[in-house]
Amino acid sequence: MQSSLDRFIRKRQAPAESNCGEEEECQEKEPKTTEDMEDSSSRKRYEEKRKQEGRSFRKEWKKTFTWLQFDETKQEMFCTACRKFPSLADKNSSFFTRSQAFHTGNIKAHASNRRHEACVFTKQQREQQERGSQNVVQSLKQMSSDTEEKMKKLFNISYFIAKHERLFSDFEDLCISTTF
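Residues numbered from 1 in each chain as written. Predicted model: local features only at pLDDT ≥ 70, side-chain atom pairs only at ≥ 80, totals over all residues. Heavy atoms only, no water.

1. Observations concerning the overall build of the chain
Move 1: Tallying secondary structure elements over the chain gives 9 helices and 2 strands in all.
Move 2: Along the chain direction, N to C, the helices and strands of the chain fall in the order α-α-α-β-β-α-α-α-α-α-α.
Move 3: For the chain, buried positions account for 18% of its 180 residues.
Move 4: On the chain, roughly 14,800 Å² of surface is accessible, and the fraction owed to carbon and sulfur atoms is 49%. (Helix = DSSP H or I, 4+ residues; strand = E, 2+ residues; numbered from the N terminus. Buried < 20%, exposed > 50% of the residue type's maximum accessible area, 1.4 Å probe, protein only. Areas by Shrake-Rupley, 256 points an atom, 1.4 Å probe, with all protein chains shown as cover.)

Put into structure tokens, the structure is as follows:
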């Protein structure tokens, strides 16, 4: 802690101690301590790495945040859940309008947004309903012809009871009297 305080004080005093004349060019002073040199070199390495790599979309984010999509042509990311349910979503959110701020903090903040959570919940409910209806269709397709004929007769009996406004307790008696 003391060394960082000393560096701060030295940096604040450096302009006052400058010996630059009006015609001379001022040059930055070289770091004098090993700590200053380490801080300076690590800062330079960080800046060089950042210039080379830049901020970009990381594909591994899509594994963690399944609702996150990336448009490679526009270099923008967005939330599929919020865009699918705009009536629930925050339309001012950068993930609704598309974002180029490639920071995990921004993504995590959007993930914890209550309107986003409502969109994700609604999306999951719809997917479950679709899976359920697909299971019924698949079951009907796999049904044997005998079972299909029995089902038709049961539906016809149900229709007869409803049309003639009879009690549903008559269903069992009508089923017994019908040959399957």
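Don't stop here, the text continues.
2. Examining unusual backbone geometry
Move 1: Positive phi is not limited to glycine here, since Gln75 has a value of about 55°.
Move 2: Secondary-structure assignment places Gln75 in the loop between strand E1 (68-71) and strand E2 (76-79).
Move 3: A residue is classified by how much of its surface remains accessible, and Gln75, at 38% relative accessible area, is partly exposed.
Move 4: Even without being a glycine, Arg98 presents a positive backbone phi close to 95°.
Move 5: Among the structural elements, Arg98 can be located in the loop between helix H5 (94-97) and helix H6 (104-111).
Move 6: Classification of Arg98 by relative accessible area gives partly exposed; the value is 23%.

3. Looking at helix H9 (residues 170-177)
Move 1: Burial in H9 covers these residues: Asp170, Phe171 and Cys175. Seen along its axis, H9 keeps its buried residues to an arc of 135°; they face one direction. The outward face of H9, more than 90 degrees from its buried face, is lined by the exposed residues Glu172, Asp173, Ile176 and Ser177.
Move 2: Contacts from the buried residues of H9 go to helix H8 (145-163). (Arc of directions from axis to C-beta. Contact = heavy atoms within 4.5 Å.)

4. Remarks on the pattern of salt bridges
Move 1: Counted under the stated rule, the structure contains 5 salt bridges.
Move 2: Between Arg98 and Asp71 there is a salt bridge, with its nearest N and O atoms 3.0 Å apart. Taken together, the positions of Arg98 in the loop between H5 and H6 and Asp71 in strand E1 put the pair 27 residues apart, joining distant regions of the chain.
Move 3: Judged by relative accessible area, which is 17%, Asp71 ranks as buried.
Move 4: Taking the shortest distance from any N to any O, the salt bridge between Glu76 and Arg98 comes out at 3.8 Å. Of this pair, Glu76 sits in strand E2 while Arg98 sits in the loop between H5 and H6, placing them 22 residues apart in sequence. (Salt bridge = Lys/Arg side-chain N within 4 Å of Asp/Glu carboxyl O.)

5. A closer look at the side chain of Asp71
Move 1: Within the local environment of Asp71, its side chain forms a polar contact with the side chain of Thr73, the two groups lying 2.7 Å apart.
Move 2: Setting aside its immediate chain neighbours within four residues, Asp71 contacts Glu76, Phe78 and Arg98. (Polar contact = N/O pair within 3.5 Å; in protein donor to acceptor, adjacent residues only side chain to side chain.)

6. A few points about the pairing of E2
Move 1: Neither face of E2 is exposed, since Glu76 and Phe78 on one face and Met77 and Cys79 on the opposite face are all buried.
Move 2: Turn length for the E1-E2 hairpin, with the two strands adjacent in sequence and antiparallel, is 4 residues, and the turn residue Gln75 shows positive phi of about 55°. (Pairing = 2+ DSSP bridges.)

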